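Each chain, letter by letter, is given below.
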Amino acid sequence: MTKTSSRLELTNILADILKATDPSMIPKVAYLTQGKLCPDFEGVVLGMADKTVAKALERAYGATPAEIQTLLRKTGDLGDVAAIVSRDQFQQALVPEKLTVEKVYASLDAIAKSVGGGSINSRITGFAALLNCASISEAKFLTRFVTGKLRVGVADYTVLDALALAFTGEKKNRGLLEKAYNLTSDLGFVAELLLTKGIGAIAAVKAIVGKPIRPMLAERMDSSESIIAQLSSGAVAEYKLDGERVQAHRSGNEVNLFSRRLDRITSHYQDVVESLTQVESKNFIVEGEVVALDGQGKYLPFQELMHRRRKYGVAEAMKKYPTSFNLFDILYLNGKELIDEPYTVRRQALEDLVKRSKTVDSSRLLVVPARKVTNSEQIDSMLQEALAAGCEGLVVKDVVSPYRAGAREFAWIKFKPEYRENVRDTLDLVIVGASHGMGRRAGRYGTFLLAAYDKDADIFRTTTKIGTGFTDLNLENISKTLQKDKISEKSPRVDARVSPDDWFEPRLVIEVIASEITLSPIYTAGLGLIRPESGFALRFPKFTGKIRTDKAPEDSTTVQELLEMYQSQVRQFKAEPKAPVKTSPLKQRRQKV
Ligand code: ATP
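We now turn to the structure provided with this report. It should be emphasised that the depicted structure is a prediction, and the values quoted were computed from it without experimental measurement. Per chain, the residues get numbers from 1 upward, laid out in the order the sequence is written. In view of the model being predicted, local features appear only for residues whose pLDDT reaches at least 70, and side-chain atom pairs are presented and counted only at 80 or more, with totals across whole chains, interfaces and linings using the full set of residues. Water and hydrogen atoms play no part in the side-chain values, which are based on all heavy atoms of the structure.

Attention now moves to the site of the ligand. Proximity is defined per residue: if any heavy atom of the residue lies within 4 Å of a molecule or strand, that residue is considered near it. Near the ligand lie 20 residues; those nearest to it are Ala 218, Glu 289, Arg 408, Lys 414 and Lys 551. Identification of polar contacts relies on pairs of N or O atoms within 3.5 Å, with a donor-acceptor requirement for protein atoms, meaning one able to donate a hydrogen and the other able to accept it, and with residues adjacent in sequence counted only if both atoms are side-chain atoms. Within the side chain of Arg 548, an N or O atom sits 2.8 Å from an oxygen atom of the ligand. Between the ligand and Lys 551, the relevant distance is 2.7 Å, taken from an oxygen atom to a side-chain nitrogen or oxygen of the residue. The Shrake-Rupley method, run with a 1.4 Å probe sphere, supplies the accessible areas, and residue values consider only the shown protein chains as cover. Calculation on the ligand without its partners gives an accessible area of 600 Å², and the protein chains cover 95% of this total. Under the grouping applied here, Gly and all other residues not named as nonpolar or charged are polar, the nonpolar ones being Ala, Val, Leu, Ile, Met, Phe, Trp, Tyr, Cys and Pro and the charged ones Asp, Glu, Lys and Arg. In the shell around the ligand, the residues fall into eight nonpolar, no polar and 12 charged. Residue ranges for the domains originate in an automatic or database domain assignment. Both of domain 2 (217-417) and domain 3 (427-575) provide at least three residues apiece to the shell around the ligand.

A few words on the packing of aromatic side chains. Each Phe, Tyr or Trp ring, with Trp reduced to its six-membered ring, pairs with another whose centre is within 6.5 Å; inter-plane angles below 30 degrees give stacked pairs, above 60 give edge-to-face pairs, and intermediate values give tilted ones. Inspection of every chain in the model, using the stated rule, returns 10 aromatic pairs. Ring centres of Tyr 445 and Phe 504 lie 5.6 Å apart, and the angle between their planes is 85°; on these two criteria the pair is classed as edge-to-face. On the criterion of sequence distance, the pair formed by Tyr 445 in strand E13 (residues 445-454) and Phe 504 in strand E17 (residues 502-504) is long-range, its members being 59 residues apart. Burial classes follow relative accessibility: with a 1.4 Å probe on protein chains only, a residue under 20% of its type's maximum area counts as buried, one over 50% as exposed, and anything between as partly exposed. Using a relative accessible area of 0% as the deciding quantity, one classes Phe 504 as buried. Put simply, the rings of Tyr 445, Phe 448, Phe 470, Phe 504 and Phe 543 touch in pairs and so form one group of aromatic residues. Over the face of the ring belonging to Trp 412 we find Lys 397, whose NZ or CZ atom lies 4.0 Å from the ring centre. Only lysine NZ and arginine CZ atoms are considered, and such an atom sits over a ring when it is within 6 Å of the ring centre and within 35 degrees of the ring normal. Between Lys 455 and the ring centre of Tyr 157, over which it is positioned, the NZ or CZ distance is 5.5 Å. A run of DSSP states H or I qualifies as a helix once it reaches four residues; a run of E qualifies as a strand once it reaches two. Both are numbered from the N-terminal end.

Two strands form a pair only when DSSP identifies at least two bridges running between them. Ordered in space as E1-E11-E10-E2-E9, the five strands form an open sheet in which the pairing is mixed. Looking at the sheet topology across the chains shown, the edges are occupied by strand E1 (217-220) and strand E9 (370-373). Pairwise comparison of adjacent strand axes, ignoring direction, gives a mean angle of 40° for this sheet. In the sheet, strand E2 (residues 235-240) pairs with E9 via four bridges, with the strands oriented antiparallel. Within the sheet, the bridge partner assigned to Val 236 lies in E9 and is Lys 372. Any two residues whose heavy atoms approach within 4.5 Å are treated as being in contact. Between the N-to-C directions of two axes lies an angle of 0 to 180 degrees, each axis being a line fitted to C-alpha atoms and, for a helix, fitted only over the stretch in contact. Sheet strands in contact with helix H17 (residues 343-355) are E2, E9 and strand E10 (393-398), and its direction is about 50° off that of E2. Of the strands in this sheet, E2, E9, E10 and strand E11 (408-415) are in contact with helix H18 (residues 376-388), which crosses E10 at around 135°.

Attention now goes to empty space enclosed by the protein. The way it works is a 1 Å grid over only the protein atoms, where trapped points that fit a 1.4 Å probe form a cavity and open points with protein on both sides within 12 Å along at least five of seven lines form a pocket, and then any residue with an atom within 4 Å of a point lines it. Grid points are joined across faces, edges and corners, and a volume is the space filled by probe spheres set on the points. For the structure shown, the criterion picks out two cavities of 30 Å³ or more. The space that makes up the second largest cavity amounts to roughly 40 Å³. Taken together, Ile 213, Pro 215, Arg 245, Val 246, Gln 247, Phe 258, Ser 259, Arg 260, Leu 262 and Glu 287 make up the full set of residues lining the second largest cavity. Ranked by residues supplied to the lining of the second largest cavity, first place goes to strand E3 (residues 244-251) with three residues.

Another aspect to go through is the nonpolar core. Leu 163 and Leu 394 are the most contacted members of the largest nonpolar core, which totals 61 residues. With residues near it in sequence (within four places) discarded, Leu 394 still touches Ala 237, Glu 238, Tyr 239, Lys 240, Ile 379, Met 382, Leu 383, Ala 386, Ile 413, Lys 414 and Phe 415. Counting 35 residues, the second largest nonpolar core, distinct from the first, contains Leu 46, Ala 60, Leu 71 and Leu 99. In this description, a nonpolar core means a group of buried Ala, Val, Leu, Ile, Met, Phe, Trp, Tyr and Cys residues linked to one another through side-chain atoms lying within 4.5 Å.

What follows covers the pairing of E13. Counting buried residues in E13 gives nine out of 10 residues, a clear majority hidden from the surface. Sheet topology note: the strand E12 (residues 427-436)/E13 ladder contains six bridges and is antiparallel. Within E13, the position partnered with Val 430 by the bridge is Ala 451. Looking at chain direction, E13 and strand E14 (residues 459-466) are connected through seven bridges and run antiparallel. Within E14, the residue paired with Leu 449 across the bridge is Lys 465.

Let us look at the pattern of salt bridges. The term salt bridge refers to a pairing of a side-chain nitrogen on Lys or Arg with a carboxyl oxygen on Asp or Glu at a separation within 4 Å. Summed over all chains, the structure comprises 35 salt bridges. Glu 511 serves as the salt-bridge partner of Arg 548, at 3.7 Å between the closest nitrogen and oxygen. One end of the pair, Arg 548, is in the loop between strand E21 (542-547) and helix H21 (559-573); the other, Glu 511, is in strand E18 (residues 509-513), with 37 residues separating them in the sequence. Accessibility classification places Arg 548 together with Glu 511 in one group, the buried group. Among the charged side chains, a salt-bridge network with shared partners connects Asp 242, Asp 428, Glu 511, Lys 546, Arg 548, Asp 550 and Lys 551.

Moving on, we get to the environment of Asp 458. Considering the arrangement of structural elements, one finds Asp 458 in the loop between E13 and E14. As a C-alpha pair, Asp 458 and Gly 243 span 215 residues in sequence and 28 Å in three-dimensional space. In terms of polar contacts, Asp 458 uses its side chain to reach the side chain of Tyr 453, at 2.6 Å.

Of all 10 residues making up strand E5 (residues 283-292), nine are buried, and the element is well covered by its neighbours. One ladder, built from eight bridges, connects E3 with E5; its direction is antiparallel. In the sheet register, Ala 248 faces E5, and the bridge partner there is Val 286. Note: E5 against strand E6 (residues 323-333), nine bridges, orientation antiparallel. Bridged to Val 286 within E6 is Ile 330.

Below, the discussion takes up the packing of helix H7 (residues 119-132) against helix H8 (residues 136-146). The angle between the axes and the distance between the axes are what describe a pair of packed helices. Where H7 meets H8, the closest approach of the two axes is 10 Å, and the angle between their N-to-C directions is 155°. It follows that H7 is roughly antiparallel to H8 by the angle criterion. As for the relative orientation of H7 and H8, their crossing is right-handed in sense. Along its contact with H7, which presents Phe 127, Leu 130 and Leu 131, the element H8 presents Ala 139, Leu 142, Thr 143 and Val 146. Across the contact of H7 with H8, the residue classes break down as six nonpolar, one polar and no charged. To sort the angles, those under 35 degrees are grouped as roughly parallel, those over 145 as roughly antiparallel, those from 65 to 115 as roughly perpendicular, and the leftovers as oblique. Crossing handedness is read from the near helix: turned anticlockwise from the far helix by less than a right angle, it gives a left-handed crossing, and turned clockwise, a right-handed one.

A few words on H17. One less than the residue count of a helix, multiplied by 1.5 Å, gives the span that helix is expected to have. Across its 13 residues, H17 extends 18 Å between first and last C-alpha, which sits within 8% of the 18 Å expected from 1.5 Å per residue. For H17, the complete set of buried residues consists of Tyr 343, Arg 346, Arg 347, Ala 349, Leu 350, Leu 353 and Val 354. Viewed end-on, H17 has its buried residues packed into an arc of 160°, placing them on one side of the element. Elements in contact with the buried residues of H17: E2, E5, E6, strand E8 (365-367), E9 and E10. As used here, the arc is the angular range of directions from the helix axis to the C-beta atoms.

This is how it looks when you write it as structure tokens:
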């Protein structure tokens, strides 16, 4: 499957695998195909260190540390090393016991759960025992799995397609599965429910306190006039705060916090947990932005909040960088799901929730300022007010819209000052490759190859090289982080026409700005959408200093968004001679196919 890049092919292969799997193992297979043991929000990270894995290889195959290190230097991948040393053992005709999914899952689960004193040794023993039963290619992939380098390219939505195909016979049921997944973010749960209770139960899935809901996202627009025209049923403008998005779940006295990419981050914000336990209602799911405060209670920029993302010294950081939790939505309250309620009903419920909590320190738990807007002047003046308060802009919301889990639509529209001044919005792009620097940057990476996400194909397509905006410290940190993701050849999930010195698993997302989106034959994002054999490229790209740890690679700027930005640029400047202003590029693509 590592060499298969067509999504359709992948779906069919996966559907066949699922059909041939014992039903009781299907949820586990769903997680394993994604290189996971359980959904991300459960916070189980296998991530064995390379050193520990190398020790397990020594123990399983009787190789010496020097042999392993020489092979690692040669291949650059412990998975390849495992294949080589296990092949040597196979030549000695040792016939292993056959591995089953059940055994693999149980062993990996035990390894993941072994923490604390003596855990390294038990991890080595556990993994060596597994390797002893593995064939050559199994040894390779298991090694990549435990080091977090197994990327078979199966995105969440491909698994949903495969489930629909395998167990309902029709891909069209994928819509229902997707809705259930958006509400629970748990592929194994969806798979199990489908198998045990059928598609009817899938259709009836409701939000569950404790399982994060996939976030609703905003589209961007560049003028207050167009926002008013778009939201004809009525609009409310809210401050857009520049902090970290958090979804909070409370059940009884237990509070859990989830990040934008649905990782469990409860321990980062104990002060938020404390505020929420003082709320009168004990059963709710709310969403908001955690923002660092200065001594006078003014919002501080996002970078200040990052001081709170740490494993050690949490208590001191909490005192030095206090936060406020600024709520902007409520999705569940006292046993009732509110997702399908219109914005106005949810907003009222949110205000009531906070109002009824008299004991809460009012500067720590707030509802984001919001105002009804009926014309563009009101939006523009509220934008000025939000900027003066230290916000990045506004999010203008459709008053009749439900909460659309997992969707980026015009029911929420973000509006920042940059949009009006014709400077492009920031882009969040994935690093897929890098080349070594020269001069002062020798020995480190100097330029990075960045890609946007093509959601339809589940592929990362390149759009720029970037080398400006980085401090020496940035470069050092990024180069260090990337070492973990280094791979010997281009990932099958990456589409590129250039060859950097090193390739990486598409994982690290950084924020960049650029003066313009142009067309270039070198890049593959949106290839042929506007001009045959050209993709979207960035002019004067610059790193903003923000590493978007809160975004998964699949949350990065999409090719579709690049297309929309390009079109909006053409509309504004009317300066791209060959750009088809009247005909939609999407329409052109459809005609071509
Ligand atoms: P950006 O990079 O601009 O923050 P994003 O890609 O992270 O955008 P979007 O959906 O495009 O996410 O923009 C909405 C984001 O703005 C939310 O994810 C949230 O973190 C933040 N935000 C701040 N204030 C609000 C608000 N009042 N309502 C909704 N989202 C808000």
